[in-house]
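Residue-level structure breakdown
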Amino acid sequence: MEPVPLLKKVRHNRPQSGISGQAERRANVLGAYRELNREAISGKRILLLDDILTTGATMGEAARVLLTAGAKEIHGAAVAAVRK
C-alpha cells in the first residue's frame, strides 16, 4: 500500500525548531492543517509519519484534525526523537 496524503497545510507558521516551549509549539501549529478528503479518512486507522519528534505538537495537531474528520484510530511514528 502506498502513502496517501490526507492533510494539507493551510496556514504558514513559524518553524517549530525555533520554538522551545511545549505550549508555544502547540499554539504555533493549531489550525495549520486541514483534511484533504473526509471520505478517505472516515472510519480508517491512520499511521502518521514524522521526521523528528520533539514535543509531539505537530503530530498531535495532525491527529486532532484527522480524528475530527472521522478517523477511527491514529498511530504515530517518527524517524528520530529528541532526547530530553
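Residues numbered from 1 in each chain as written. Predicted model: local features only at pLDDT ≥ 70, side-chain atom pairs only at ≥ 80, totals over all residues. Heavy atoms only, no water.

**Some thoughts on the pattern of salt bridges**
Going through the model one piece at a time under the given rule, you end up with 3 salt bridges. Among the salt bridges present, the one from E73 reaches R45, with a minimum N-O distance of 3.5 Å. Separated by 28 residues along the polypeptide, E73 in strand β4 (residues 73-81) and R45 in strand β3 (residues 45-53) bring together distant segments of the chain. The class of E73 is partly exposed, set by a relative accessible area of 29%. Here R64 and E61 are joined by a salt bridge, their closest N and O atoms 2.8 Å apart. Separated by 3 residues within a single helix, R64 and E61 lie in helix α3 (residues 57-68), roughly one turn from each other. With a relative accessible area of 39%, R64 lands in the partly exposed category. Judged by its relative accessible area of 6%, E61 is buried. (Salt bridge = Lys/Arg side-chain N within 4 Å of Asp/Glu carboxyl O. Helix = DSSP H or I, 4+ residues; strand = E, 2+ residues; numbered from the N terminus. Buried < 20%, exposed > 50% of the residue type's maximum accessible area, 1.4 Å probe, protein only.)

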